[in-house]
Amino acid sequence: MMPKAGLLPARCASARSVIPDFVAGCGMARVLAYLIENDVEMTDEAISSDISCTMKQAPEKAYTQNALKTEFTKTSFEIAPGQLL
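Residues numbered from 1 in each chain as written. Predicted model: local features only at pLDDT ≥ 70, side-chain atom pairs only at ≥ 80, totals over all residues. Heavy atoms only, no water.

Caption draft 1: Highlighting the overall build of the protein chain. Counting its regular elements, the protein chain contains five helices and zero strands. Secondary structure elements in the protein chain, listed N-terminal to C-terminal, are α-α-α-α-α. A burial count over the protein chain gives 24% of its 85 residues as buried. When the accessible surface of the protein chain is split by element, carbon and sulfur atoms take 62% of a total near 6,600 Å². (Helix = DSSP H or I, 4+ residues; strand = E, 2+ residues; numbered from the N terminus. Buried < 20%, exposed > 50% of the residue type's maximum accessible area, 1.4 Å probe, protein only. Areas by Shrake-Rupley, 256 points an atom, 1.4 Å probe, with all protein chains shown as cover.)

Written out as structure tokens, the structure is:
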């Protein structure tokens, strides 16, 4: 049985397209990952471009896996573990 605190987010995610925090907040994490890579261009434009490309991929992957206008959060959580490995 789902705890009461989880019912509202689950109902919202099944009725609306909700962007999970880990997708919405991945920009700064991507900056740090970019900066520790070897041989990268250290300009505002290069960093911004990398972040934009990376953040664009998350909703595209979720939509490819599940084309519904709802359950974006559920689909993103299903994809996330594979992205970490």
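More follows now that the structure is in view.
Caption draft 2: A look at helix α3 (residues 26-35). Within the span of α3, buried status applies to Cys 26, Gly 27, Arg 30, Val 31 and Tyr 34. Projection of α3 onto a plane perpendicular to its axis shows the buried side chains occupying an angular sector of 145 degrees, all on one side. (Arc of directions from axis to C-beta.)

Caption draft 3: Summary view of the packing of α3 against helix α4 (residues 44-65). Remark: α3 packs on α4, axes separated minimally by 9 Å, with the N-to-C direction vectors making an angle of 125 degrees. When the axes of α3 and α4 are compared, the pair comes out oblique. The crossing of α3 and α4 is right-handed. Residues Cys 26, Gly 27, Arg 30, Val 31, Tyr 34 and Leu 35 of α3 form the contact with α4, whose participating residues are Ala 46, Ile 47, Asp 50, Ile 51, Thr 54 and Met 55. (Axes fitted to C-alpha atoms, helices over the stretch in contact; angles between N-to-C directions. Parallel < 35°, antiparallel > 145°, perpendicular 65-115°, else oblique. Left-handed = near helix turned anticlockwise from the far one by under 90°. Contact = heavy atoms within 4.5 Å.)

Caption draft 4: How the structure looks around the pattern of salt bridges. Across all of its chains, the model carries three salt bridges by this definition. Notably, a salt bridge pairs Arg 30 with Glu 37, separated by 2.8 Å at the nearest N-O pair. Overall, the relative accessible area of 17% leaves Arg 30 in the buried class. By relative accessible area, Glu 37 is classed as partly exposed at 36%. Taking the shortest distance from any N to any O, the salt bridge between Glu 60 and Lys 56 comes out at 3.8 Å. Within this pair, Glu 60 and its partner Lys 56 are both found in helix α4, separated by four residues, close to a single helical turn. The exposure class of Lys 56 is exposed, given its relative accessible area of 52%. Shared partners join several salt bridges into a network, and the residues in it are Arg 30, Glu 37 and Asp 50. (Salt bridge = Lys/Arg side-chain N within 4 Å of Asp/Glu carboxyl O.)

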